[in-house]
Amino acid sequence: MDISRKKKTYVFKVSKGVECFDYNKQMNIIVTGSSDHRVRLWNPYVTSKPITVLGGHHTTIIDVKLFEPMNQAFSYSKDAMLKVWDVKDHSCLQTVVLKFPCLVNGRVPEYGAFPLCLVLGKNTLLVTCQDYIGQLKLGVKKVKSTLPTTHNAPLCTAIYNPYYHQVVTGSDDSTVAVWDIETGNKSIMFTNAHGDEEITCMTFDTSLRRLITGARDGTIKIWNFQNGHNLHKLEAIGEAEVTGIVPLDSPKVILSVGWSRKIVMYADSEADNMYVTANTSWKGGQAHKDDILCVAYCPPNLLATASFDGDLIIWSMETQKIFQRLRKGHGRSSRRAPSWLAES
């Protein structure tokens, strides 16, 4: 809950409004139902348009639910039609027309505020219609896994350190784990690296002795990953997600890119300086018009950045100016993490 009211509100626009919605963080999907008889699947970070629009209902959709175990979505319309959708393939798997006794002579009954209720512990879907409740048993995907689970949340990145012969992994619950590559044993694990924020990128410094992590809220931290000690905290640029980090040896700086659309520089020469301020005076300015999603460094003098709209720029490190623009962006709307799903 945003008690301080500091977070921005982001709006998903649907011409006839949204009658119902559901969100699942693990599936990274928002599903909405509208009076135009359409089901829409959304990426939570893309407000400009839905992933897909699913048709097949003949009346207003009054409730939707996401079912993570089977990667499915349920939609329920006023004519008591229930549809099961495959979230990955965007296809209708099954249509169930429920025969409630109150559905007579084409009359539309009252459904209440929440016509669908998922009981995950029992793998049951409860469907209501006026004074009646229908119970549908749901299937469960049985997966035989021979591999152990290493994290409690999905992994977002993994990198190899040739100096220590270790692999470092990061997960969505802001946990960092260090593994011995030869034995597979866990050397150390530290949690809450960025509080409740998801880790979005990781890299090692040029000496391979320090770990640098970036998070969804724009924070960047430098670690001694052998003991989990936080060495430095780098100033965040707003709440813009960090998507790439490049440490340089000459000059001794750290570059970061992300949803701020800027190339940000941090001095990396003072070992005793816990808090490092951001330097946004990149001479080439803000050339990208959309979120920067990746960055690559080619020693000794070239840096490449690419943004969500397809803009690909090669920079000269000596002048900090554009060396070559390989593809100009098309001005697509940028991605932002919504704090609310609004009707329009």
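Everything quoted here is computed from the prediction, not taken from an experiment.

**So, the nonpolar core**
Here is step 1 of the chain: Counting residues in each nonpolar core, the largest one holds 16 residues, and the members touching the most others are Phe74, Tyr76, Phe100, Leu116, Leu125 and Val127.
Here is step 2 of the chain: Every element with two or more residues in this core is listed here: strand 5 (61–67), strand 6 (72–77), strand 7 (81–86) and strand 10 (124–129).
Here is step 3 of the chain: With three residues, strand 10 is the largest single contributor of residues to this core.
Here is step 4 of the chain: In this structure phenylalanine 100 touches Tyr76, Ala80, Val127, Cys129, Tyr132, Ile133 and Gly134, once residues within four positions along its chain are discounted.
Here is step 5 of the chain: Core analysis: the next-biggest nonpolar cluster, separate from the first, contains 14 residues, Val257, Ile292, Ile313 and Met317 among them.

**Quick notes on unusual backbone geometry**
Here is step 1 of the chain: Backbone torsion omega between serine 250 and proline 251 reads 0°, so that peptide bond is classified as cis.
Here is step 2 of the chain: Mapped onto the elements, proline 251 comes out in the loop between strand 20 (242–247) and strand 21 (253–258).
Here is step 3 of the chain: Of note, the amide linkage connecting proline 299 to proline 300 takes the cis form, showing an omega dihedral of 5°.
Here is step 4 of the chain: Its identity is not glycine, yet histidine 37 carries a phi of approximately 70°, on the positive side.
Here is step 5 of the chain: One can find histidine 37 in the loop between strand 2 (29–33) and strand 3 (39–42).
Here is step 6 of the chain: With a phi close to 65°, alanine 80 is a non-glycine residue in the positive phi region.
Here is step 7 of the chain: Note on placement: alanine 80 falls in the loop between strand 6 and strand 7.
Here is step 8 of the chain: Using a relative accessible area of 0% as the deciding quantity, one classes alanine 80 as buried.

**Side note on the sheet that holds strand 15 (residues 186–190)**
Here is step 1 of the chain: One open sheet holds the four strands; their spatial order is 12-13-14-15, and the pairing between them is antiparallel. A single partner strand is all that each edge strand has here, and the edge strands are strand 12 (155–161) and strand 15. Averaged over all adjacent pairs, the angle separating strand axes in this sheet is 15°, with direction ignored.

**So, the sheet that holds strand 20**
Here is step 1 of the chain: As summarised here, the arrangement of the three strands in space is 20-21-22, forming an open sheet in which the pairing is antiparallel. Each of the sheet's edge strands pairs with one partner strand only, and the pair in question is strand 20 and strand 22 (264–267). Mean inter-strand twist for the sheet, computed between neighbouring axes without regard to direction, equals 25°.

**Concerning the pairing of strand 6**
As a general feature of sheets, a regular strand has side chains that alternate between the two faces.
Here is step 1 of the chain: Of all six residues that make up strand 6, six are buried, and the element is covered over most of its length.
Here is step 2 of the chain: Burial of the side chains of strand 6 extends over both faces: Gln72, Phe74 and Tyr76 are buried on one face and Ala73, Ser75 and Ser77 on the other.
Here is step 3 of the chain: By the bridge criterion, six bridges tie strand 5 to strand 6 in an arrangement that is antiparallel. Looking at the pairing, lysine 65 lines up with phenylalanine 74 of strand 6.
Here is step 4 of the chain: Following strand 5, the chain reverses through four residues before pairing antiparallel with strand 6; asparagine 71 in that reversal takes a positive phi of roughly 55°.
Here is step 5 of the chain: Relative to strand 7, strand 6 is paired through five bridges, and the arrangement is antiparallel. Directly across from serine 75, in strand 7, lies its bridge partner lysine 83.
Here is step 6 of the chain: Two successive antiparallel strands, strand 6 and strand 7, enclose a turn made up of three residues, where alanine 80 displays a positive phi of approximately 65°.

**Quick notes on the confidence of the model for the protein**
Here is step 1 of the chain: On average, residues of the protein carry a pLDDT of 87, and 89% of them reach 70 or more.
Here is step 2 of the chain: pLDDT under 50 marks residues 332–344. Its contacts with residues more than four places away, or in other chains, come to 55 contacts.

**Some thoughts on the pattern of salt bridges**
Here is step 1 of the chain: Using the criterion set out here, one finds eight salt bridges in the structure.
Here is step 2 of the chain: Aspartate 205 is paired through a salt bridge with arginine 210; the nearest N and O atoms lie 2.7 Å apart. Of the two residues examined, aspartate 205 and arginine 210, each falls in the buried class.
Here is step 3 of the chain: Between arginine 210 and aspartate 268 there is a salt bridge, and its shortest N-O distance comes to 2.6 Å. One end of the pair, arginine 210, is in the loop between strand 16 (199–204) and strand 17 (211–215); the other, aspartate 268, is in the loop between strand 22 and strand 23 (275–276), with 58 residues separating them in the sequence. Across the pair, aspartate 268 and arginine 210 agree in class, each one buried.
Here is step 4 of the chain: One network of salt bridges, with partners in common, ties together Glu198, Arg216 and Glu241.

**What to know about the packing of aromatic side chains**
Here is step 1 of the chain: The tally for this structure, following the rule as stated, stands at eight aromatic pairs.
Here is step 2 of the chain: Both rings, one in phenylalanine 12 and one in tryptophan 42, keep their centres 5.0 Å apart while their planes meet at 80°; by these two values the pair is edge-to-face. Placement of phenylalanine 12 in the segment before strand 1 (20–24) and of tryptophan 42 in strand 3 is noted, with a sequence separation of 30 residues between them.
Here is step 3 of the chain: Since its relative accessible area comes to 1%, phenylalanine 12 is described here as buried.
Here is step 4 of the chain: You can call tryptophan 42 buried: its relative accessible area is 1%.
Here is step 5 of the chain: Taken together, a centroid distance of 5.3 Å and an interplanar angle of 50° make the contact between phenylalanine 204 and phenylalanine 225 tilted. Residue phenylalanine 204 is found in strand 16, and its partner phenylalanine 225 is found in the loop between strand 18 (220–224) and strand 19 (229–234); the two are separated by 21 residues along the sequence.
Here is step 6 of the chain: Phenylalanine 204 gets classed as buried once you look at its relative accessible area, which sits at 8%.
Here is step 7 of the chain: The class for phenylalanine 225 is buried, based on a relative accessible area of 0%.
Here is step 8 of the chain: One aromatic cluster in this structure is built from Tyr163, Tyr164, Phe204 and Phe225.

What counts, and at which threshold
- Residue indices begin from 1 for each chain and proceed along its sequence in written order.
- Side-chain atom pairs in this predicted model are given and counted only at pLDDT of 80 or more, local residue features only at pLDDT of at least 70, and totals for whole chains, interfaces and linings cover all residues.
- Side-chain metrics in this entry use all non-hydrogen atoms of the structure; hydrogen atoms and water are not considered.
- Residues grouped as a nonpolar core are buried Ala, Val, Leu, Ile, Met, Phe, Trp, Tyr and Cys residues, joined through side-chain atoms within 4.5 Å.
- Categorising residues by exposure relies on relative accessible area from a 1.4 Å probe, with only protein chains included: less than 20% of the type maximum marks a residue as buried, more than 50% marks it as exposed, and the intermediate range marks it as partly exposed.
- A run of H or I in DSSP counts as a helix once it spans at least four residues, and a run of E counts as a strand once it spans at least two, with each numbered from the N terminus.
- Throughout, a residue-residue contact means that at least one pair of heavy atoms, one from each residue, lies within 4.5 Å.
- At least two DSSP bridges between two strands are needed for those strands to be called paired.
- All axes here are fitted lines through C-alpha atoms, helices being fitted over the stretch that makes contact, and every angle between N-to-C directions spans 0 to 180 degrees.
- The pLDDT value expresses, per residue, how confident the predictor is, ranging between 0 and 100.
- Think of a salt bridge as a Lys or Arg side-chain nitrogen and an Asp or Glu carboxyl oxygen that are within 4 Å of each other.
- Any Phe, Tyr or Trp ring, taking Trp's six-membered ring, that has another such ring centre within 6.5 Å forms a pair; planes under 30 degrees apart are called stacked, those over 60 apart edge-to-face, and the others tilted.

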